[in-house]
Every structure is written in C-alpha cells, then in structure tokens.
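Per-entry structural report
Here are the chains, one letter per residue:
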Amino acid sequence: MEDLPDIRIGTAEREAAMQRLSDHFAAGRLSVAEFDERSAVIAAAVTRGDITPVFADLPDPLVKAAAVPAKPESGFLSEWPERVMAVIPIIAVILFFTTGSWLWFLAIPLMGALLFGSRHNHDDRGRDLLGGRGRDRRRDRRDRGRDAID
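We now turn to the structure provided with this report.

Here we come to the nonpolar core. One finds Ile9, Ala17, Leu21, Leu30, Phe35, Ile42, Ala45, Ile51, Val54, Phe55 and Leu58 forming the largest nonpolar core, which totals eleven residues. Taken together, the elements giving at least two residues each to this core come down to helix H1 (11-26) and helix H2 (32-44). If we skip the residues at most four places from it in the chain, Phe55 touches Ala17, Arg20, Leu21, His24 and Ile42.

See below:
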C-alpha cells in the first residue's frame, strides 16, 4: 500500500509526517526555513505522492535507529553509584563505633556529592523548592499589584 503515490491521505498521515519532519529538525538536519517550507508542503498534501519528496534527502528513521547502538540499561554495574551510596551510611556507623569519631558521618554527603554531583539534570536548573513555580507566582503577584496601582 505504501507504494501507491496517488492514494489520498488523512489527518493521521499528515500528523505522522509532521512528527517525522519535527524529529529531523530536532536532530539538526533541517534549518528553520527548510522546516517551514517542508511543513507547508505536508500541510497541503493530499496524496502520498505529495509527501514523498519532502523526505527524499533525509535518512530513513529505521536506518538511524539501527546505526545508533542501544545502551544496555540492565546489569549489576548499571546502578553502581546507587549501590555504593546505600553502603556508605552503614560503613560510617561501623567506623563511628570502632573509632569513636563522629567525623565519619561527613562521608555520607561527601560521597553523595562525589557520586551524583556530576549528573546534571538541565530541567531542574534554576528551580526553587516550590518546583519552579514560586518565582513565577511572586512575579505574578508583583505584576498584579502594579496593575492595581496603575
């Protein structure tokens, strides 16, 4: 069925083509101008033959997935920082009782910083304790106060 270019398409096919085009744009294969031109062609497409030229010079998504090897997510060593961090408090308690020094408890946050400090979650940058909404709420209240004064 995919070989018949004169078959009319529906909204679902156009949306799927737009999603594929957006994926190529997100991967950096298209400039903004190219994306705009190609998305206009997809929006106006009536048949499969209208959509085919839009993807003629872009790689097939199946080829892209096969070219990038999948990272193994399972296994004993995949979660080694979490496993080490679970043992650190136990070691600190044992060392506290054997040496009598409370300084061993400082190893808990130190090891947490060493093990997890290099993991950057860019989505959480700049957020406060209210989940990133506190600053916006304060700004909204401040702006509403100015509107009431004006």
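Relative to each other, helix H5 (residues 80-99) and helix H6 (residues 107-116) sit at 170°, their axes nearing to 9 Å. In this view, H5 runs roughly antiparallel relative to H6, as classed from their interaxial angle. Along its contact with H5, which presents Trp80, Pro81, Glu82, Val84, Met85, Ile88, Pro89 and Ala92, the element H6 presents Ala107, Ile108, Met111, Gly112, Leu115 and Phe116.

Moving on: the packing of aromatic side chains. The relative placement of two aromatic rings is captured by the distance of their centres and the angle of their planes. Summed over all chains, the structure comprises three aromatic pairs. An aromatic cluster of at least three residues, connected via ring pairs, comprises Phe96, Phe97 and Phe105. The ring of Phe55 has Arg20 lying over it, and the distance from NZ or CZ to the ring centre is 3.9 Å.

An ideal rise of 1.5 Å per residue puts 28 Å on 20 residues; H5 measures up with 28 Å between its terminal C-alpha atoms. Within H5, the axis deviates most sharply at Ile88, by approximately 25°, and proline Pro89 lies no more than four positions further along. Where H5 is concerned, the buried positions are Pro81, Met85, Ile88 and Ala92. Buried positions along H5 lie against H6. Once H5 finishes, Gly100 follows within two positions and takes phi at roughly 80°, a positive value.

Between side chains of opposite charge, a pair can form as their charged atoms come close. Scanning the model with the defined rule gives one salt bridge in all. Among the ionic pairs, Asp57 bridges to Arg38, the shortest N-O distance being 3.0 Å. Here Asp57 is found in the loop between helix H3 (48-51) and helix H4 (61-67), whereas its partner Arg38 is found in helix H2, with 19 residues between them in sequence. The exposure class of Arg38 is buried, given its relative accessible area of 14%.

About the criteria used
Residues numbered from 1 in each chain as written. Predicted model: local features only at pLDDT ≥ 70, side-chain atom pairs only at ≥ 80, totals over all residues. Heavy atoms only, no water. Core = buried A, V, L, I, M, F, W, Y, C linked by side-chain atoms within 4.5 Å. Buried < 20%, exposed > 50% of the residue type's maximum accessible area, 1.4 Å probe, protein only. Helix = DSSP H or I, 4+ residues; strand = E, 2+ residues; numbered from the N terminus. Contact = heavy atoms within 4.5 Å. Axes fitted to C-alpha atoms, helices over the stretch in contact; angles between N-to-C directions. Parallel < 35°, antiparallel > 145°, perpendicular 65-115°, else oblique. Phe/Tyr/Trp six-rings, centres within 6.5 Å; stacked < 30°, edge-to-face > 60°. Lys NZ or Arg CZ within 6 Å of the ring centre and 35° of its normal. Expected span 1.5 Å × (residues − 1). Bend = angle between axes of the 7 residues up to and from the residue. Salt bridge = Lys/Arg side-chain N within 4 Å of Asp/Glu carboxyl O.

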